[in-house]
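What follows is the residue order along each chain.
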Number of protein chains: 2
Amino acid sequence: MVDFIGIERIQALVAGRGAARFIEELAGEIEADFLRWDSFDKSARHAIHSPVGVIELMPASDGRLYAFKYVNGHPKNTSVGLLTVTAFGVLADVSTGYPLLLSELTLTTALRTAATSALAARRMARPNSRVLAMIGNGAQSEFQIIAFHHMLGIREVRLFDTDAAATDKLEGNLALLRLAGLRVVRCVSTAEAVAGADIITTVTADKRNATILAPHMIRPGMHLNALGGDCPGKTELHREILARPDARVVVEFEPQSRIEGEIQQMPADFAVTELTRVLSGAAPGRLHADEVTIFDSVGFALEDFSALRYLLRVHQEERGLKHQVDLVPELDDPKNLFALLVPKPREVTARAGAHA
Amino acid sequence: MVDFIGIERIQALVAGRGAARFIEELAGEIEADFLRWDSFDKSARHAIHSPVGVIELMPASDGRLYAFKYVNGHPKNTSVGLLTVTAFGVLADVSTGYPLLLSELTLTTALRTAATSALAARRMARPNSRVLAMIGNGAQSEFQIIAFHHMLGIREVRLFDTDAAATDKLEGNLALLRLAGLRVVRCVSTAEAVAGADIITTVTADKRNATILAPHMIRPGMHLNALGGDCPGKTELHREILARPDARVVVEFEPQSRIEGEIQQMPADFAVTELTRVLSGAAPGRLHADEVTIFDSVGFALEDFSALRYLLRVHQEERGLKHQVDLVPELDDPKNLFALLVPKPREVTARAGAHA
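Residues numbered from 1 in each chain as written. Chains lettered and ligands numbered in written order. Predicted model: local features only at pLDDT ≥ 70, side-chain atom pairs only at ≥ 80, totals over all residues. Heavy atoms only, no water.

(A) The arrangement of the interface of chain A and chain B in detail. Taken together, the contacts link 69 residues of chain A with 69 residues of chain B. Summing both sides of the interface, chain A and chain B together bury roughly 6,200 Å²; the carbon and sulfur share of this comes to 72%. Its largest share of buried area at the contact with chain B, chain A owes to A:Leu327, A:Lys335 and A:Phe338, together 11% of the area lost on that side. For B:Asp163, the salt bridge is made with A:Lys335, and the minimal N-O distance between the two is 2.8 Å. The interface formed by chain A and chain B includes 28 residue pairs in polar contact (both at pLDDT 80 or more). In terms of residue count, the dominant contributor to the side of chain A that touches chain B is strand S6 (residues 87–93) of chain A (5 residues). For the side of chain A that touches chain B, the per-class residue count stands at 39 nonpolar, 20 polar and 10 charged. (Contact = heavy atoms within 4.5 Å. Buried area = accessible area lost by both parts, 1.4 Å probe. Salt bridge = Lys/Arg side-chain N within 4 Å of Asp/Glu carboxyl O. Polar contact = N/O pair within 3.5 Å; in protein donor to acceptor, adjacent residues only side chain to side chain. Helix = DSSP H or I, 4+ residues; strand = E, 2+ residues; numbered from the N terminus. Nonpolar A, V, L, I, M, F, W, Y, C, P; charged D, E, K, R; others polar.)

The structure is reproduced here in structure tokens:
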């Protein structure tokens, strides 16, 4: 049997720990894996594009465990009541090739993205950052806010989305964090939302080269957590922001980010720093209080690897047999695959007994 | 919910139709897809190798459906009671990116390989072929024999394996086909097994450049169904057999077979014919009765695509709700992923009611 985490199960696992603790523990796993960066087989993702979307396979392995994620991106899905992004994945044992865990990754992707954002911001944002602007109030926004509230001590969020219904939804979901002291400010424009912010998170959905953030909105010392520019032709930041002499750009995996990230707008020799070096201390996250720091995040297979390993551990702490699926045969003689199609002797006996 | 075919379910589906009919119907699906060869996005597989094995992802899409297979190959697994090859796969809707079916593919791979072998042999072997030599009596051998008995009218099988226990197992599993008139002859060597055979199937497991078939064993008019040479460094046929002036070699997908098939032993310009052309009639399967025809089969993602589509159809003919898994969230508002972590109003009400 292969361990299985479906939607019902992930809901229970996150509820059992609370989303904030879940994200923080996950961030610990992701950080630990980024710190052993050279242990990983880092492949580019495999993508099949259609006119309406993309389906990707994202594999990663450290030589002991192997993980892949299946993920789609279909911006028009919401118009028919479906999610833009769904995902699932598998963790396997490299020594036998057997799958260990099959898990939903739709919810988990939102949690691991928030964890990675907070990890980067902890090294890159000014200490004592208290105000977060949230540009794009869709499926990922709550998770980002929980992570920044819990892991960075954010005390005020300033919300803007071109879709007012999305902001309504986000405000409703933040009710509990308001009780915990978070100030929630609804804004009528991106400019209003970012005014006075220490950190700006952009997570908008349009698949085009957009200018969500314009140069005049950026003040010295801000940290930009740029999530929505994550595939060719999809960016959120005006290129002049990236080109500021006082800006520092950090990416997850440089070869992938050159194609998919905000830096697709920049020349191939545009200087970037990989997150692993910032986390290890080999490179600074921020040099001084006035620097504009930019985490140009596109999502990397290593983060899903870490998430699947973490999920398997918390799942096995308290799983019953029902959270498994019979995805792989169990045979007395592994060369006798055909035995699956032959009734077992005791089954024959049992049936004969029933007739007697 | 996503349709799910686990081991218990595939056993029921194959038993319900009988393996012979299941393979024949599957062969029909595979043939139909090979006949629209140009409709497919044909990718190379993605492989991660370790000292003890390989884990591969094999994607394929026709623009309407997308399929991928996860498959491992670990030759030493049998020594610890595990299968050399396990597999599972997913069929998805290209227009939404949503998965439609998650299925075991370990058993299914053996069935689809047998179906593909029989499809090729029907065009390539001499009509009235009656005697099949089966070299390698492991996990796939029964499926091959059922397919050739049912789809080609084979009346005698001649068995050989270096592992006598494997042949014992195969003989036992063939009891029912014996009752159906199949003659089963156990041989002490490959040479004895192939003597007088019309068709030779080689499906041995050693990962090396082996000489399972030597030049002197091959008689004019034979059809060779060479399955075991399927990755770099793993071949079964002496290269002189391939180089015979009276030999014709058919492969599934030429770029992949040049790397993985028997023809990895031959120069890059060695002439081969793709199976699609033989099935469509664009190229002959056999020119004359004395030709030596060779199907150098490595397994191609298109065959798994066909198998997953076929499985979804037979599964849905008679599935109940229990053969589904909650792999993907279902949301009232697709932008409100966070709703998964918020108890629903009626649950709150119900709980409040319980307290009252």
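There's more to say after this.
(B) Spotlight on the nonpolar core. Ranked by size, the top nonpolar core spans 184 residues in total, and within it A:Ile145 and B:Ile145 carry the most contacts. Among residues more than four places away in sequence, those in contact with A:Ile145 are A:Leu132, A:Met134, A:Val157, A:Leu159, A:Leu170, A:Leu174, A:Leu177 and A:Leu182. Counting 31 residues, the second-largest nonpolar core is a separate cluster that includes A:Val194, A:Ala197, A:Ile200 and A:Met222. (Core = buried A, V, L, I, M, F, W, Y, C linked by side-chain atoms within 4.5 Å. Buried < 20%, exposed > 50% of the residue type's maximum accessible area, 1.4 Å probe, protein only.)

(C) Main features of the packing of aromatic side chains. Taken as a whole and assessed by the stated rule, the structure comprises 23 aromatic pairs over all chains. An angle of 20 degrees between the planes, with centres 6.4 Å apart, marks the rings of A:Phe68 and B:Phe88 as stacked. Here A:Phe68, found in strand S5 (residues 65–73), pairs with B:Phe88, found in strand S6 (residues 87–93), and the two come from separate chains. Judged by its relative accessible area of 1%, A:Phe68 falls in the buried class. One Lys or Arg, A:Lys42, reaches over the ring of A:Trp37 and ends 4.7 Å from the middle of that ring. (Phe/Tyr/Trp six-rings, centres within 6.5 Å; stacked < 30°, edge-to-face > 60°. Lys NZ or Arg CZ within 6 Å of the ring centre and 35° of its normal.)

(D) Molecular detail of the relation of the copies chain A and chain B. Least-squares fitting of chain A to chain B yields an RMSD of 0.0 Å, with the transformation described by 0.0 Å of translation along the axis and a rotation of 180 degrees. The operation mapping one copy onto its partner corresponds to a two-fold rotation axis. A share of 100% of the interface residues of chain A reappears at the interface of chain B, consistent with the copies meeting face to face through the same patch. (Least-squares fit on C-alpha atoms with pLDDT ≥ 70 in both.)

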